[in-house]
Amino acid sequence: MILLDGKELARQIKEEIKAEVAAILDADQRGPHLAAILVGEDPASETYVSSKERSSREVGIISSVYKFSASVSEKDLLETVDFLNNDPDIDGFIVQLPLPKHIDVDKVISSIHPDKDIDGFHPENMGKLTMGIEGLVPATPAGIMEMLRRYNIETEGKHCVVLGRSNIVGTPVALLMSRKGNPGNATVTLCHSKTKNIKEICQSADILIAAIGQQEFVTADMVKQDAVVIDVGIHRVPTTETKSGYKIVGDVAFDEVSKKCSYITPVPGGVGAMTIVSLLQNTMKAYKNHIQ
Ligand code: GUN
């Protein structure tokens, strides 16, 4: 079994971006700049946004955060999106999700300029992804594809089973895996909460991508011998094993599944580590398109 070391890959990719940014600044050009809109005090969202800021700083990308209380009006949020859309110094930005219930998330996402939509959530970018047209691809699926690419994992003609149909991970990764390309060209089955015989479908997977949001859902009896297993889950569970009193587990029961598969992503240090660097890669892409 080979561990798909997202942490190490992320380190390498950050070095590549850092060199690219340094060359831009050496040429006396304006540096890339990304922004995030953070609403409320959801701890997971705060963690994501602060690690994005830290990673940006590490590679030399300028990062700004626009913070709002959970009671912000939809109008104020849309005005901020409009401001960032029109700010020539901002190359790309994200609106951290989830948003409070009184805000129409689709309206907010649709109001982001597609060229600055580094999350790749805008319907135009989602449409391009569906059609195989170059655009901004959501960070987690892009990170998974980058991992498969850099580890030279064969995907062509393989049966790829994706668990979960979210707009952020399941649906876009299923599209990317079925699209022409390398990685890609897989035969994809997308499973969700209404799927029957999920265990049997998983057993036929050469590549299993778990993004179902259920702690240790995938057990060894669901996995084919020598399958490639990608775990997108992040769950904080109480434990007496660590000083902090909790540990992070994924959607896959790692200890038993890892004994059976050819490749597997650890949690943490797998897909999660790749997500932030994919966002930085998207920022560089948006920057290059913007500066032209
Ligand atoms: N919430 C959970 N994942 C994400 C993500 O990738 N982007 C944004 N904007 N919000 C999220």
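Every value quoted in this text rests on a predicted model; they were computed, and no experiment measured them.

**What about the packing of helix α2 (residues 43-59) against helix α10 (residues 271-291)?**
If you want to describe how two helices pack, look at the angle between their axes and the distance between the axes.
No. 1: Running from N to C, α2 and α10 point in directions that differ by 60°, and their axes come no closer than 10 Å. Judged by the angle between their axes, α2 and α10 are oblique. In the packing of α2 onto α10, the handedness of the crossing is right-handed. Contacts between α2 and α10 involve Tyr-48, Ser-51, Lys-52, Ser-55, Ser-56 and Val-59 from the former and Thr-275, Ile-276, Leu-279 and Leu-280 from the latter.

**Details of the site of the ligand**
No. 1: Around the ligand, the structure places Tyr-48, Val-95, Gln-96, Leu-97, Asp-119 and Phe-121.
No. 2: A distance of 2.8 Å is found between a nitrogen atom of the ligand and a backbone nitrogen or oxygen belonging to Val-95.
No. 3: Between the ligand and Asp-119 there is a distance of 2.6 Å, counted from a nitrogen atom to a side-chain nitrogen or oxygen.
No. 4: In the complex, the protein chains occlude 81% of the 280 Å² of accessible area that the ligand would expose alone.
No. 5: Split by residue class, the shell around the ligand holds 4 nonpolar, 1 polar and 1 charged.

**Describing the pattern of salt bridges**
No. 1: Counted under the stated rule, the structure contains 14 salt bridges.
No. 2: Arg-11 is paired through a salt bridge with Glu-8; the nearest N and O atoms lie 2.8 Å apart. A residue pair is termed a helical-turn pair when its members lie 3 or 4 positions apart in one helix, as Arg-11 and Glu-8 do in helix α1 (residues 6-26) at 3 residues.
No. 3: By relative accessible area, Arg-11 is classed as partly exposed at 45%.
No. 4: Among the salt bridges present, the one from Asp-206 reaches Lys-224, with a minimum N-O distance of 2.7 Å. Linking Asp-206 in the loop between α8 (198-203) and β7 (207-210) with Lys-224 in the loop between β7 and β8 (228-231), this pair joins segments that are 18 residues apart in sequence.
No. 5: What makes Lys-224 partly exposed here is its relative accessible area of 32%.
No. 6: A single salt-bridge network, built from bridges that share partners, covers Glu-16, Glu-146, Arg-149 and Arg-150.

What counts, and at which threshold
Residues numbered from 1 in each chain as written. Predicted model: local features only at pLDDT ≥ 70, side-chain atom pairs only at ≥ 80, totals over all residues. Heavy atoms only, no water. Axes fitted to C-alpha atoms, helices over the stretch in contact; angles between N-to-C directions. Helix = DSSP H or I, 4+ residues; strand = E, 2+ residues; numbered from the N terminus. Parallel < 35°, antiparallel > 145°, perpendicular 65-115°, else oblique. Left-handed = near helix turned anticlockwise from the far one by under 90°. Contact = heavy atoms within 4.5 Å. Near = heavy atom within 4 Å. Polar contact = N/O pair within 3.5 Å; in protein donor to acceptor, adjacent residues only side chain to side chain. Areas by Shrake-Rupley, 256 points an atom, 1.4 Å probe, with all protein chains shown as cover. Nonpolar A, V, L, I, M, F, W, Y, C, P; charged D, E, K, R; others polar. Salt bridge = Lys/Arg side-chain N within 4 Å of Asp/Glu carboxyl O. Buried < 20%, exposed > 50% of the residue type's maximum accessible area, 1.4 Å probe, protein only.

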